[in-house]
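Tertiary structure, described
Each chain, written out:
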Amino acid sequence: MLAAKSAALVFVLMLGTVSLFADMTYEGARSITGPYLAMLGASATVVGLVAGLGELIGYGLRLVTGYISDKTRQYWAITIIGYAVNLLAVPLLALAGRWEIAAVLMIMERLGKAIRTPARDVMVSHATVQMGRGWGFGVYEALDQIGALTGPLIVAAVLYLKGNYQAGFAVLLIPAVMALVVLIAARLKYPRPADFEPAAVKLETKGFPGAFWVYLAGVALVAAAYADFPLIAFHFEKASVVSSGWIPVFYALAMGVDAVAAMGFGRLFDKIGIKTLAIVALISAFFAPFVFMGGFAFALLGMALWGIGMGAQESIMKAAVANMVPVEKRGTAYGIFNTGYGMFWFLGSAAMGMLYDVSIPCLVAFSVLLQMASIPLFLRAGKEKK
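Cut-offs applied
- Residues numbered from 1 in each chain as written.
- Predicted model: local features only at pLDDT ≥ 70, side-chain atom pairs only at ≥ 80, totals over all residues.
- Heavy atoms only, no water.
- Helix = DSSP H or I, 4+ residues; strand = E, 2+ residues; numbered from the N terminus.
- Contact = heavy atoms within 4.5 Å.
- Buried < 20%, exposed > 50% of the residue type's maximum accessible area, 1.4 Å probe, protein only.
- Patch = residues over 30% accessible without salt bridge, like charges linked within 9 Å, V, L, I, M, F, W, Y side chains within 5 Å.
- Areas by Shrake-Rupley, 256 points an atom, 1.4 Å probe, with all protein chains shown as cover.
- Salt bridge = Lys/Arg side-chain N within 4 Å of Asp/Glu carboxyl O.
- Phe/Tyr/Trp six-rings, centres within 6.5 Å; stacked < 30°, edge-to-face > 60°.
- Lys NZ or Arg CZ within 6 Å of the ring centre and 35° of its normal.
- Core = buried A, V, L, I, M, F, W, Y, C linked by side-chain atoms within 4.5 Å.
- Expected span 1.5 Å × (residues − 1).
- Polar contact = N/O pair within 3.5 Å; in protein donor to acceptor, adjacent residues only side chain to side chain.
- Axes fitted to C-alpha atoms, helices over the stretch in contact; angles between N-to-C directions.
- Parallel < 35°, antiparallel > 145°, perpendicular 65-115°, else oblique.
- Left-handed = near helix turned anticlockwise from the far one by under 90°.
- Nonpolar A, V, L, I, M, F, W, Y, C, P; charged D, E, K, R; others polar.

Let's shift gears to the side chain of Ser 69. Topologically, Ser 69 is positioned in helix α2 (residues 44-72). In contact with Ser 69, not counting residues within four places along its chain, are Gln 74, Tyr 75, Ile 78, Ala 119 and Gly 331.

By the secondary structure assignment, Thr 33 is in helix α1 (residues 2-39). Residue Thr 33 is classed as buried on the basis of its relative accessible area, which comes to 4%. Sequence spacing of Thr 33 and Ala 211 is 178 residues, and the spatial spacing of their C-alpha atoms is 37 Å. Sequence-distant contacts of Thr 33, defined by excluding residues within four places in its chain, comprise Met 106, Phe 169 and Pro 230.

As for its position among the elements, Val 10 is in helix α1. For Val 10, a relative accessible area of 33% corresponds to the partly exposed category. Val 10 sits 176 residues away from Ala 186 along the chain, and the two C-alpha atoms are 9.5 Å apart. Ignoring any residue separated from it by four or fewer positions in sequence, one finds Val 10 in contact with Lys 189 and Tyr 190.

A surface patch of nonpolar side chains, about 340 Å² in accessible area, is lined by Leu 63, Val 64, Tyr 67 and Ile 68. Within the secondary structure layout, Tyr 67 lies in helix α2.

Bringing the packing of aromatic side chains into the picture now. By convention here, two paired aromatic rings are described through the distance between centres and the angle between planes. Per the stated rule, a full pass over the model turns up 22 aromatic pairs. An angle of 80° between the planes, with centres 5.1 Å apart, marks the rings of Phe 250 and Phe 296 as edge-to-face. Of this pair, Phe 250 sits in helix α10 (residues 247-272) while Phe 296 sits in helix α13 (residues 296-314), placing them 46 residues apart in sequence. Take Phe 296: its relative accessible area is 38%, and that puts it in the partly exposed class. Pairwise contacts between aromatic rings join Tyr 215, Tyr 226, Phe 229, Phe 287, Trp 306, Phe 337, Tyr 341, Trp 345 and Phe 378 into one cluster. In this arrangement the basic side chain of Arg 110 is found over the ring face of Tyr 26, its NZ or CZ atom lying 5.3 Å from the centre. Between the NZ or CZ atom of Arg 116 and the centre of the ring of Tyr 83, over which it lies, the distance is 4.1 Å.

For the rest of this paragraph, the subject is the pattern of salt bridges. In the structure shown here, the tally under the stated rule is 8 salt bridges. Between Arg 73 and Asp 70 there is a salt bridge; the shortest N-O distance is 3.9 Å. Among the salt bridges present, the one from Arg 110 reaches Glu 109, with a minimum N-O distance of 2.6 Å. This pair shows no difference in class: Arg 110 is buried, exactly as Glu 109 is. Three or more residues joined by partner-sharing salt bridges are found here, namely Glu 27, Arg 30 and Asp 228.

Before going further, it helps to spend a moment on unusual backbone geometry. Even without being a glycine, Arg 73 presents a positive backbone phi close to 60°. Relative to the helices and strands, Arg 73 is located in the loop between α2 and α3 (75-92). The backbone of Ser 240 sits at a positive phi, close to 55°, despite the residue not being glycine. With respect to the helices, strands and loops of the structure, Ser 240 is situated in the loop between α9 (229-238) and α10.

Proteins that are soluble and globular tend to have nonpolar side chains buried together. Judged by nonpolar contacts, the single largest core of 121 residues is most densely connected at Tyr 215, Phe 236 and Trp 306. Ranked by residues supplied to this core, first place goes to α1 with 15 residues. When residues no more than four places from it in sequence are discounted, the contact partners of Phe 236 are Val 241, Val 242, Ile 247, Phe 250, Val 291, Ala 299 and Met 303.

Here the focus is α3. The end-to-end C-alpha distance of α3, which contains 18 residues, comes to 27 Å, matching closely the 26 Å that a straight helix rising 1.5 Å per residue would cover. Residues of α3 that are buried include every one of Tyr 75, Trp 76, Ile 78, Thr 79, Gly 82, Tyr 83, Asn 86, Leu 87, Ala 89, Val 90 and Pro 91, and no others.

Right, let's talk about the side chain of Asn 338 for a bit. Note that Asn 338 resides in helix α15 (residues 330-358). Residue class for Asn 338 comes out buried when judged on its relative accessible area of 2%. In terms of polar contacts, Asn 338 uses its side chain to reach the side chain of Arg 62, at 3.2 Å. If we skip the residues at most four places from it in the chain, Asn 338 touches Tyr 59, Arg 62, Thr 117 and Asp 121.

Let us now look at the packing of helix α14 (residues 316-324) against α15. Viewed as axis vectors pointing N to C, α14 and α15 meet at an angle of 140°, and their least axial separation amounts to 10 Å. As judged from the angle between their axes, α14 and α15 are oblique. For the crossing formed where α14 meets α15, the hand is right-handed. Between α14, through Met 317, Lys 318, Val 321 and Ala 322, and α15, the contact on the second element is made entirely by Arg 330, Ala 333, Tyr 334, Phe 337 and Tyr 341. Residues of the contact of α14 with α15, tallied by class, amount to 7 nonpolar, no polar and 2 charged.

It is worth stressing that arrangement in space is one thing and function is another; only the former is reported here.
Here it is as structure tokens:
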């Protein structure tokens with residue numbers, strides 16, 4: 001039993017390290033894609049639509065890849081292909097000379113993430129049963145966010161040393177290659193992650209439990225309410241809230257908060273369940289007024305609150321899905337979860353991009369009210385699960 005727990009922990013740490021280097025790559029890129037698109041001539045509406053469309057296509061495809069992963073059980077092959085597409089699109093942004101080309105590469109990066117995410121999440125879920133799903137996904141997310149913190153700082157350093165956005169994208173080729181190397185090593189060491197999870201009795205049901213759909217509705221509201229960072233960065237630059245060199249630093253701060261929040265709320269999730277997400281929504285709901293209506297100090301606080309919400313979205317939201325559905329349907333469940341999340345992220349991103357051009361107070365109200373509306377749904381899902 002102890003040996004199984006140790007092996008499961010090593011597996012989570014290895015995949016977490018892959019995610020560390022991967023996030024160093026694409027989160028470093030995301031920290032400057034907003035102002036990069038603006039530099040290439042895109043408007044706020046275009047930035048919001050491109051960011052949202054990338055999420056829509058990326059998350060929407062997860063419905064298909066999740067189903068395929070369940071049917072084929074080729075979790076490793078799907079994961080490796082997805083990471084390759086996801087990571088190699090980023091350095092190519094250095095060669096984009098038009099916002100249209102940059103937009104296509106941004107969408108390709110999201111596409112690769114869509115291919116590999118459901119299969120990877122299933123493999124992680126197998127291992128986390130040995131240590132507590134909330135804690136296991138929290139540790140994974142913490143490693144993920146160390147990379148997400150480091151990537152923007154690397155880009156900020158490039159900009160500080162008089163480099164340009166293109167140089168920032170080019171240097172991210174190094175962590176991209178490192179991620180793929182560790183991924184292959186994990187595949188060779190742990191070819192059958194399903195062995196971590198004891199076989200469970202199959203549930204006598206053709207669908208998913210009602211709590212899953214109530215939970216998904218709450219997740220949809222949070223996704224629609226959450227401003228994507230490219231729009232936030234666009235605002236910082238346009239409103240001169242911070243200088244361009246500080247924008248990646250603000251993003252790095254949010255990723256650092258994300259890592260700490262993922263582990264802390266992961267522990268809490270293992271104790272009180274889905275109610276944890278209601279607490280997170282109550283806290284993170286106020287990022288929008290600070291980010292979009294405050295000066296330097298309030299914007300910094302807003303980014304910390306934004307990071308708390310992201311930590312929950314990337315860790316305990318996934319842990320909750322694993323606890324709700326039988327193992328043989330978990331890839332499909334993650335596909336449905338991610339598709340719903342991405343669809344409403346797109347709708348919310350597009351709406352907030354347009355609201356930004358019309359009325360920032362309306363954008364703020366839109367974000368706060370939708371997050372508050374998710375709280376009773378999370379509480380109800382927690383009760384139904386019992």
